[in-house]
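For reference, the chains in residue letters:
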Amino acid sequence: MHKPLRIAAAAAACAVAGAALYGAGAATAHQSTANSTHEPYNIGLLVKDIDTYYGTAADADGVYQASPASPYAKDLASIDKAARKYIDQAARKAVRGHHRPAVVFDIDDTLLLSLDYEKRYNYTYNSASWAAYVNKADRPAVFGSPELVRYAEKKGVEVFYNSGLSEAQRAAAVENLKKVGADVNLDAGHMFLKNAAAPPSYLSACATPGTWTCTTVQYKSGTRKHIEDDLGYDIIANFGDQYSDLDGGHADRGYKLPNPTYFVS
């Protein structure tokens, strides 16, 4: 997961406001940034707000976990409830129209929670430490997300994954998703990861073998276009914790999950 801009992006209150249905007419940037001579929000207080939002606490093994009673969990439950209702309706409509419905999930902080990494590395990003963390394959689930994956499958909706993880991290991602119960369509034909060495032809406008210039939006929207145009599915819903997971079209509806710990442009 390449994170060109990794910061404690917003106070917990902002996360609550941003964790909602992503629809037409949203602004391009979706994320305000400090650009004034006024003193910014104190980072120590911001971290406290983030901890309060997640209900962050270390478990018996010293691993930082989110609380199932936290505002974060409540926001996710609200999104999950709305998404289930929509998936049920959209799937039936797609079948009546002789379409093949599909849903697309991001992985990091959409299905697998990286809060422990954020806490241990003080909300900073290092490629080596991140790779080691991912390869441990023991991240907890984002509350409700594995169940939502299984719900979509139960409703006859094809499940795809569209992640910023690299091809080298595929085995760890599959192992971790199986551990948390998101064991649906974890084959290479359904899980799309970044492959800079041998990018797919449908990303040729920004990626050639050994050269990757795709932005997150280009990569993710290009992959969704491939799922719709080349594989023949109608993506009824797209789930991600970043607006860049959702931008670029090729999904009937997008759901933005809360994440106040970093921002990927």
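Position numbers for residues count from 1 along each chain, tracking the sequence in the order it is written. For this predicted model, a pLDDT threshold of at least 70 governs which residues receive local features, and a threshold of 80 or more governs which side-chain atom pairs are given and counted, while totals over whole chains, interfaces and linings are taken from all residues. Hydrogen atoms and water are omitted, and side-chain values are computed over all heavy atoms in the structure.

Attention now goes to the environment of aspartate 187. Think of it this way: any DSSP run of H or I at least four residues long counts as a helix, any run of E at least two long counts as a strand, and we number them from the N terminus. Of note, aspartate 187 is situated in the loop between helix 7 (170–179) and strand 6 (191–194). Each C-alpha atom of the pair aspartate 187 and valine 174 lies 8.4 Å from the other, and the pair is 13 residues apart in sequence.

What follows is about the confidence of the model for the protein. Values of pLDDT, the confidence the predictor places in each residue, fall between 0 and 100. Mean pLDDT over the protein: 89, with 86% of residues reaching 70 or higher. Throughout, a contact is declared for two residues whenever any of their heavy atoms are within 4.5 Å. Segment residues 1–19 is flagged for pLDDT under 50; beyond a separation of four residues in sequence, or across chains, it makes 59 contacts in the model. Contacts for the low-pLDDT stretch residues 22–29, under 50 throughout, to residues beyond four places or in other chains number nine contacts.

Tracing the sequence through the fold places lysine 155 in the loop between helix 6 (145–154) and strand 5 (158–166). With 67 residues separating them along the chain, lysine 155 and aspartate 88 place their C-alpha atoms 6.7 Å apart. Dropping the residues within four chain positions of it, lysine 155 is found in contact with Asp88 and Ala91.

Turning next to unusual backbone geometry. The residue tyrosine 123 is not glycine, and still its phi comes out positive at about 60 degrees. Relative to the assigned elements, tyrosine 123 resides in the loop between helix 4 (115–120) and helix 5 (127–135). Within the chain, histidine 250 stands out as a residue other than glycine whose phi angle is a positive 60 degrees. Tracing the backbone through its elements, the reader meets histidine 250 in the loop between strand 9 (234–240) and strand 10 (254–256). Think of it in three bands: with a 1.4 Å probe and only protein chains considered, a residue is buried below 20% of the maximum accessible area for its type, exposed above 50%, and partly exposed in between. Given the relative accessible area of 28%, histidine 250 is considered partly exposed.

The subject of this paragraph is the state of the cysteines. Disulfides are defined as cysteine sulfur pairs within 2.5 Å. Scanning the model with the defined rule gives one disulfide in all. Across the disulfide from cysteine 206 sits cysteine 214; the S-S distance is 1.9 Å. When the S-S torsion is 85 degrees, as for the bridge of cysteine 206 with cysteine 214, the disulfide is right-handed. For cysteine 214, a relative accessible area of 9% gives the class buried.

It is worth spelling out helix 5 at this point. Of all the residues in helix 5, the buried ones are Ser129, Trp130, Tyr133 and Val134. The arc that holds every buried residue of helix 5, seen down its axis, measures 135 degrees, which confines them to one face. Those residues of helix 5 that are exposed and angled more than 90 degrees off the buried face are Ser127 and Ala128. Elements in contact with the buried residues of helix 5: helix 4, strand 5 and helix 7. Between N or O atoms, a polar contact is any pair within 3.5 Å; within protein, one atom must be a potential hydrogen donor and the other a potential acceptor, and residues adjacent in sequence are included only when both atoms are from side chains. Two or three places before alanine 128, at the start of helix 5, stands the capping residue asparagine 126, its side-chain oxygen 3.0 Å from that residue's backbone nitrogen. Looking at the residues trailing helix 5, positive phi occurs at alanine 137, about 55 degrees. Think of it as the arc spanned by the lines of direction from the helix axis to the C-beta atoms.

How two helices pack is summed up by the angle between their axes together with the distance between the axes. Where helix 3 (residues 71–96) contacts helix 6, the two axes come as close as 10 Å, and the packing angle between them is 10 degrees. As the angle between them shows, helix 3 and helix 6 are arranged roughly parallel. Taken together, the residues of helix 6 that come into contact with helix 3 (itself represented by Asp80, Ala83, Arg84, Ile87 and Asp88) are Glu147, Leu148, Tyr151 and Ala152. Here, axes are lines fitted to C-alpha atoms. For helices the fit covers the stretch in contact, and angles between N-to-C directions go from 0 to 180 degrees. Our angle categories are set so that under 35 degrees counts as roughly parallel, over 145 as roughly antiparallel, 65 to 115 as roughly perpendicular, and the remainder as oblique.

Time to look at the packing of helix 2 (residues 43–54) against helix 3. In contact at an axis separation of 5 Å, helix 2 and helix 3 are set at 55 degrees when each is read in the N-to-C sense. If you check the angle between helix 2 and helix 3, you find them oblique. Judged by residue contacts, Thr52, Tyr53 and Tyr54 of helix 2 engage Pro71, Tyr72 and Asp75 from helix 3. Put simply, Ala, Val, Leu, Ile, Met, Phe, Trp, Tyr, Cys and Pro go in the nonpolar bin, Asp, Glu, Lys and Arg in the charged bin, and everything else, Gly too, in the polar bin. Tallied by class, the residues present in the contact of helix 2 with helix 3 amount to four nonpolar, one polar and one charged.

Turning our attention to helix 7. Within helix 7, the full set of buried residues consists of Arg170, Ala172, Ala173, Val174, Asn176 and Leu177. Along its buried surface, helix 7 packs onto helix 5, strand 5 and strand 6.

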